[in-house]
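Spelled out from the first residue to the last, the chains are:
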Amino acid sequence: MTTPEAGQSRAPRPEERLEQAVRAAEQALIEYEIAVETFRVEVENFSRLHDQRLGPLYARIEELDAQIAEARAARTGDPEDIRRAAEARARVLPLPDVEELLHGWMDGDGLFPEATAMLTGQAVRPPQRVRPSEQARKLYRDLARKAHPDLAQEEAERKRREEFLSRVNAAYARGDEDLLTELAAEWAAGPVPPERRPSPAEELYARLEWLAQRKELISLVARELEEGAIAGLIRLAPDDPDGLLDEIAGRLRADIAQRETELAGLLGQG
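Every value quoted in this text rests on a predicted model; they were computed, and no experiment measured them.

What counts, and at which threshold
- Residues numbered from 1 in each chain as written.
- Predicted model: local features only at pLDDT ≥ 70, side-chain atom pairs only at ≥ 80, totals over all residues.
- Heavy atoms only, no water.
- Helix = DSSP H or I, 4+ residues; strand = E, 2+ residues; numbered from the N terminus.
- Contact = heavy atoms within 4.5 Å.
- Areas by Shrake-Rupley, 256 points an atom, 1.4 Å probe, with all protein chains shown as cover.
- Phe/Tyr/Trp six-rings, centres within 6.5 Å; stacked < 30°, edge-to-face > 60°.
- Buried < 20%, exposed > 50% of the residue type's maximum accessible area, 1.4 Å probe, protein only.
- Salt bridge = Lys/Arg side-chain N within 4 Å of Asp/Glu carboxyl O.
- Axes fitted to C-alpha atoms, helices over the stretch in contact; angles between N-to-C directions.
- Parallel < 35°, antiparallel > 145°, perpendicular 65-115°, else oblique.
- Left-handed = near helix turned anticlockwise from the far one by under 90°.
- Nonpolar A, V, L, I, M, F, W, Y, C, P; charged D, E, K, R; others polar.
- Bend = angle between axes of the 7 residues up to and from the residue.
- pLDDT = per-residue confidence, 0-100.
- Polar contact = N/O pair within 3.5 Å; in protein donor to acceptor, adjacent residues only side chain to side chain.
- Expected span 1.5 Å × (residues − 1).

### Let's talk about the overall build of the protein chain
From N to C terminus, the protein chain includes 11 helices and 2 strands. Reading the helices (α) and strands (β) of the protein chain from amino to carboxyl end gives α-α-α-α-β-β-α-α-α-α-α-α-α. Residue pairs in contact within the protein chain that sit at least 24 positions apart in sequence constitute 64% of those at least 6 positions apart. Of the roughly 20,000 Å² that the protein chain leaves accessible, carbon and sulfur atoms contribute 54%.

### Concerning the packing of aromatic side chains
Applying the stated criterion across every chain, the model contains 2 aromatic pairs. For the ring pair Y140 and Y172, a centre distance of 4.3 Å and an interplane angle of 15° mean the geometry is stacked. In this pair, Y140 is assigned in helix α6 (residues 134-146) and Y172 in helix α7 (residues 155-173), connecting sequence segments 32 residues apart. Using a relative accessible area of 24% as the deciding quantity, one classes Y140 as partly exposed. Considering the side-chain rings of F164 and W187, the 5.0 Å spacing of their centres and the 35° angle between planes classify their relative orientation as tilted. Placement of the pair is F164 in helix α7 and W187 in helix α8 (residues 177-189), with a sequence separation of 23 residues. Taking the relative accessible area as the measure of exposure, F164 reaches 4% and is therefore buried. Note on W187: relative accessible area 15%, which makes it buried.

### Section: the pattern of salt bridges
For the coordinates displayed, the defined rule picks out 24 salt bridges. In this structure, the salt-bridge partner of E134 is R137, at a minimum N-O distance of 2.8 Å. With E134 and R137 both in helix α6 and 3 residues apart, this pair spans about one turn of that helix. The exposure class assigned to E134 is partly exposed, which follows from its relative accessible area of 47%. Each of E80, D81, R83, R84 and E87 takes part in a single network of salt bridges with overlapping partners.

### Brief notes about the packing of α7 against α8
Running from N to C, α7 and α8 point in directions that differ by 160°, and their axes come no closer than 9 Å. Judged on the interaxial angle alone, α8 and α7 are roughly antiparallel. At the point where α7 passes α8, the crossing takes the left-handed sense. Two secondary-structure elements touch here, α7 through E157, R160, R161, F164, R167, V168, A171 and Y172 and α8 through L179, L180, L183, E186 and W187. The residue makeup of the contact of α7 with α8, split by class, is 8 nonpolar, no polar and 5 charged.

### Some points on helix α2 (residues 16-76)
The largest bend in α2 is about 50°, located at L54, with the proline P56 one to four residues further on. Positive phi shows up at G77, right after α2, with a value of about 70°.

### A closer look at the confidence of the model for the protein chain
Within the protein chain, residue pLDDT values average 82, and 80% of them lie at 70 or more. When pLDDT is averaged over each element of the protein chain, α8 comes out on top at 91 and helix α4 (residues 98-102) at the bottom at 49.

### Notes on the side chain of R161
Take R161: it is sitting in helix α7. Polar side-chain contacts of R161 include one of 3.3 Å to the backbone oxygen of H148. Setting aside residues up to four positions removed in sequence, R161 forms contacts with K146, A147, H148, P149, L151, A152 and W187.

### A look at the side chain of S219
Looking at the secondary structure, you find S219 in helix α9 (residues 200-227). A polar contact of 3.3 Å, which involves the side chain of S219, links it to the side chain of Y32. A polar atom in the side chain of S219 sits 2.8 Å from the backbone oxygen of K215.

### Overview of α9
Between its first and last C-alpha, α9 extends 41 Å over 28 residues, near the 40 Å set by a 1.5 Å rise per residue. Three or more residues of α9 are buried, namely L204, L211, I218, S219, A222 and L225. At its buried positions, α9 is contacted by α2 and α10 (229-236).

In structure tokens:
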């Protein structure tokens, strides 16, 4: 025999509809990410194929353009033709590698001291020796005694003390008395109390907000892919992109033949 309470449906929790919305948003985001990633791989593969098959043809056209401009400049001697020839040749010449240019001169932090000295004519000065003040030494000794990890009885407290003491050591190594004073005040104030854990509803709302932000970022990636030149080529022939490359290659070979004829004419006139 069932009781009246057993026959009644259970009242839904306040968060159930929110949980359903989160699950739906998560699934939609997963499908969207899969679609964008699939398209990204397609664009990347087609871009690689485009460079392999058409890159040498484009390079040959640029080289022929430079040779034609140089032959025309040699024949006319016109300053404008000479300028155009130099620009055409510059487009063909590879740029030196940036790392090779900067090797031995600078890194991510800027110019090396030796490079600065060479450029300014000054001698390279050794780094100044840090001499902590008496107050800095007093602060350091006091903090090292109070915050030593061996005084901790729990692992979490030990890790907190180790991290804090590493900051103390770094400040003392620089002789930074002001920072040591701040660290002393921080230690005196005690550990930061743990933050209040959000409610289940707050966590669900935060999850929804993160999912929306994530989708916005992926949308930016998708838009960049869609607006790229490679995606434009794929849209021209979605069913046969390889055939489109063959068609473009045929046009480029015709352009190459035309330029070779023009170059031969200029050299023959010379």
